[in-house]
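For reference, the chains in residue letters:
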Amino acid sequence: MRKYVIPTMIAMLIALDQLSKFWIVEHIALEEVQSFLPPIFSLTYVRNYGAAFSMLQNQQWFFALVTVVVIGAAIYYLIKNIKGNWLLLLGLILVISGGLGNFIDRVRLGYVVDMVHLDFVDFAIFNVADSYLTVGVAVLALALWKDEEAWK
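Residues numbered from 1 in each chain as written. Predicted model: local features only at pLDDT ≥ 70, side-chain atom pairs only at ≥ 80, totals over all residues. Heavy atoms only, no water.

(A) Layout of the sheet that holds strand β1 (residues 33-37). Read across the open sheet, the three strands follow the order β1-β2-β3; overall the sheet is antiparallel. Strands at the two margins of the open sheet, each flanked by one partner only, are β1 and β3 (112-118). Here the strands of the sheet are splayed against their neighbours by 35° on average, with no regard to which way each runs. Sheet analysis places strand β2 (residues 41-48) next to β3, joined by six bridges and oriented antiparallel. Residue pairing in the sheet places F41 in a bridge with L118 of β3. Across the sheet, helix α3 (residues 86-109) is in contact with β2 and β3; its angle to β3 comes to roughly 130°. (Pairing = 2+ DSSP bridges. Helix = DSSP H or I, 4+ residues; strand = E, 2+ residues; numbered from the N terminus. Axes fitted to C-alpha atoms, helices over the stretch in contact; angles between N-to-C directions. Contact = heavy atoms within 4.5 Å.)

See the structure below:
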């Protein structure tokens, strides 16, 4: 059962990420800020040619290589633990989905579309795939903390 559900979940998460990016590009001008849920967040369309916090600008081949390695490792552990802890699987699903969502942008556009601007704190503008990655890593840390045997 899980071997069919997991790829479907990954595909749905990637589709949600790509649809959100498509909507932003079609409805908000580059660098425009539109209030969405004040004072929580606004929508701002920016092109990120770097990594987190716009580090390492214009290093697309480096990011592609790192993404392939990380996604490959995540898929390996997902397959190895397909019948394992649901928390571990959820973390891996989120990391794979987030990594692939941003990878698609880098290959297709040469940059990543970012859009979520937090109004209550000075923080980098991010996207849905970045959220998957952040939550996925946190869930993986929790899964490892709860079950150290999951990665052996």
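On we go from here.
(B) Spatial organisation of α3. With 24 residues, α3 should cover 34 Å at 1.5 Å per step; its first-to-last C-alpha distance of 34 Å lies within 8% of that length. Two to three positions downstream of the cap, the backbone nitrogen of L87 sits 2.6 Å from a side-chain oxygen, assigning the N-cap of α3 to N85. Once α3 ends, the next one or two residues include G110, with phi positive near 90°. (Expected span 1.5 Å × (residues − 1). Polar contact = N/O pair within 3.5 Å; in protein donor to acceptor, adjacent residues only side chain to side chain.)

(C) Fine view of helix α4 (residues 128-146). An ideal rise of 1.5 Å per residue puts 27 Å on 19 residues; α4 measures up with 27 Å between its terminal C-alpha atoms. When α4 is considered as a whole, its buried residues turn out to be V128, A129, Y132, G136, V139, L140 and A143. Looking straight down α4, one finds its buried side chains confined to an arc of 110°; they lie on one side. Exposed side of α4, more than 90 degrees from the buried face: T134, V137 and W145 are the residues found there. For α4, the N-terminal cap is N127; the gap from its side-chain oxygen to the backbone nitrogen of A129 is 2.9 Å. (Buried < 20%, exposed > 50% of the residue type's maximum accessible area, 1.4 Å probe, protein only. Arc of directions from axis to C-beta.)

(D) Structural view of a nonpolar patch on the surface. The grouping of F36, L37, I40, F120, V121 and F123 at the surface amounts to a nonpolar patch, some 580 Å² of accessible area in total. Secondary-structure assignment places F36 in strand β1. Since its relative accessible area comes to 52%, F36 is described here as exposed. (Patch = residues over 30% accessible without salt bridge, like charges linked within 9 Å, V, L, I, M, F, W, Y side chains within 5 Å. Areas by Shrake-Rupley, 256 points an atom, 1.4 Å probe, with all protein chains shown as cover. Salt bridge = Lys/Arg side-chain N within 4 Å of Asp/Glu carboxyl O.)

(E) Structural detail: the packing of α3 against α4. Between α3 and α4, the shortest axis-to-axis distance is 7 Å and the interhelical angle comes to 155°. One element, α3, and the other, α4, form an angle in the roughly antiparallel class. Here α3 runs over α4; the crossing is left-handed. From α3, L87, L88, L90, G91, L92, L94, V95, S97, G98, G99, G101 and N102 reach across to α4, where they touch A129, D130, Y132, L133, V135, G136, V137, V139, L140, L142, A143 and K146. A breakdown of the residues in the contact of α3 with α4 according to their chemical character gives 15 nonpolar, seven polar and two charged. (Parallel < 35°, antiparallel > 145°, perpendicular 65-115°, else oblique. Left-handed = near helix turned anticlockwise from the far one by under 90°. Nonpolar A, V, L, I, M, F, W, Y, C, P; charged D, E, K, R; others polar.)

(F) The arrangement of the pattern of salt bridges in detail. This structure, assessed with the given rule, holds two salt bridges. The closest approach of N and O atoms between D17 and K21, which form a salt bridge, is 2.9 Å. Of the two residues, D17 and K21 are both situated in helix α1 (residues 2-27); the distance of four residues between them amounts to about one turn of the helix. Judged by relative accessible area, K21 falls into the buried class, the value being 2%. Each of D17, K21 and D105 takes part in a single network of salt bridges with overlapping partners.

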